[in-house]
Amino acid sequence: MARQTIHSDQAPKAIGPYSQAVQVDSGKMTFLSGQIPLDPVTMEMVPGDVVAQAERVMLNLQAVLKAAGLDFSHVVRSTIYLTDLGDFARVNEVYGRYFTGAPPARATVQVAALPRGSKVEIDAIAVS
């Protein structure tokens, strides 16, 4: 996959593990549904705070990527949904550990509620 990170000095620099834009050549696109912190074995919410929930969400996304023959380096766009933007820094730290190269473009939004009382949900688009 030809992937190029786009940066403009005429727009604000990224303030976290995301890129202003990611440009890719046409390829196979994989749209990952939003993942919440469900344990895939028990189908129950993982216990713990937003950090534990974010970790489980990222592991769930990683498993779906792997099933598609992909990894986080293929992710070009993601959205983080939080029920409390006060949790942003802690979720951002967990999220950032999964992107060792140029991170994808991203949006983060606060929502009124998420399924099963989750504090965080993340979806993604990957290109191979």
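Residue numbering note: each chain is counted from 1, following its sequence as written. It should be noted that, the model being predicted, local features are given only for residues of pLDDT at least 70 and side-chain atom pairs only at 80 or more, the latter also being counted only at that level, while totals for whole chains, interfaces and linings use all residues. With hydrogens and water stripped out, all remaining heavy atoms of the structure feed into the side-chain values.

### As for the pattern of salt bridges
What counts is decided by this rule: A pair is scored as a salt bridge if a Lys or Arg side-chain nitrogen falls within 4 Å of a carboxyl oxygen belonging to Asp or Glu. We count a stretch as a helix when DSSP gives it H or I for four or more residues in a row; a strand needs E for two or more, and each element gets its number in order from the N terminus. The cut-offs for exposure are 20% and 50% of the maximum accessible area for each residue type, with area from a 1.4 Å probe on protein chains only; residues under the lower value are buried, those over the upper are exposed, and the others partly exposed.
Counted under the stated rule, the structure contains 4 salt bridges. A salt bridge links arginine 90 to aspartate 49, with the shortest nitrogen-to-oxygen separation between them at 3.9 Å. On the criterion of sequence distance, the pair formed by arginine 90 in helix H2 (residues 88-97) and aspartate 49 in the loop between strand E3 (29-35) and helix H1 (50-67) is long-range, its members being 41 residues apart. For aspartate 49, a relative accessible area of 38% puts it in the partly exposed group. Each member of the salt-bridge network shares a partner with another, and the members are Asp49, Asp87 and Arg90.

### A few points about the sheet that holds E3
The condition that has to hold: Criterion used throughout: strands pair if DSSP finds at least two bridges between them. Where helices are involved, their axes are fitted lines through C-alpha atoms of the stretch in contact, as for all axes, and angles between N-to-C directions lie from 0 to 180°. The contact definition used throughout considers only heavy atoms, calling two residues in contact when any of these lie within 4.5 Å.
In space, the 4 strands of this open sheet follow the order E3-E6-E4-E5, with mixed pairing throughout. What marks the edges here is a single partner per strand, and that holds for E3 and strand E5 (105-110). For this sheet the average axis-to-axis angle between neighbouring strands, irrespective of direction, equals 10°. By the bridge criterion, 6 bridges tie strand E4 (residues 75-82) to E5 in an arrangement that is parallel. Within the sheet, the bridge partner assigned to threonine 79 lies in E5 and is alanine 107. Packing of H2 onto the sheet brings it into contact with E4, E5 and strand E6 (120-127), and relative to E4 it is tilted by some 150°.

### Comments concerning the packing of aromatic side chains
The test is simple: What counts as a ring pair is set by centres within 6.5 Å for rings of Phe, Tyr and Trp (its six-membered ring), and what kind of pair is set by the plane angle: stacked under 30 degrees, edge-to-face over 60, tilted for all other angles. Whether a charge lies above a ring is judged from NZ of Lys or CZ of Arg, which has to be within 6 Å of the ring centre and within 35 degrees of the ring normal.
Within this structure, the stated rule accounts for 3 aromatic pairs. For the pair phenylalanine 72 and phenylalanine 99, a centre-to-centre distance of 5.1 Å together with 75° between the ring planes defines the contact as edge-to-face. Placement of the pair is phenylalanine 72 in the loop between H1 and E4 and phenylalanine 99 in the loop between H2 and E5, with a sequence separation of 27 residues. Of the residues examined, phenylalanine 72 reaches a relative accessible area of 8% and is grouped as buried. Above the plane of the ring of tyrosine 95 lies arginine 106, whose end atom (NZ or CZ) is 4.9 Å from the centre.

### Observations concerning the packing of H1 against H2
Note the cut-off: When describing relative orientation, an angle under 35 degrees is termed roughly parallel and one over 145 degrees roughly antiparallel, while 65 to 115 degrees is termed roughly perpendicular and anything else oblique. Two helices crossing with the near one rotated counterclockwise from the far one by less than a right angle form a left-handed crossing, whereas a clockwise rotation gives a right-handed crossing. Under the scheme applied, nonpolar residues are Ala, Val, Leu, Ile, Met, Phe, Trp, Tyr, Cys and Pro; charged residues are Asp, Glu, Lys and Arg; polar residues are all the others, including Gly.
For the pair H1 and H2, interaxial distance at closest approach is 9 Å and the crossing angle is 30°. One finds that H1 runs roughly parallel with respect to H2. Pair H1 / H2 crosses with right-handed handedness. Packed against H1, whose contacting residues are Val50, Val51, Ala54, Glu55 and Met58, the element H2 presents Arg90, Val91, Val94, Tyr95 and Arg97 at the interface. Residue composition of the contact of H1 with H2, by class: 7 nonpolar, no polar and 3 charged.

### Overview of unusual backbone geometry
Although it is not a glycine, methionine 43 sits at a positive phi angle of roughly 60°. With respect to the secondary-structure elements, methionine 43 resides in the loop between E3 and H1.

### Overview of the confidence of the model for the chain
Using the following cut-off: Here pLDDT means the predictor's own confidence in every residue, given as a number from 0 to 100.
The pLDDT averaged across the chain works out to 91; a share of 98% of its residues lies at or above 70. Taken element by element, the chain is modelled with least confidence in strand E2 (residues 21-24), mean pLDDT 74, and with most confidence in H2, mean pLDDT 97.

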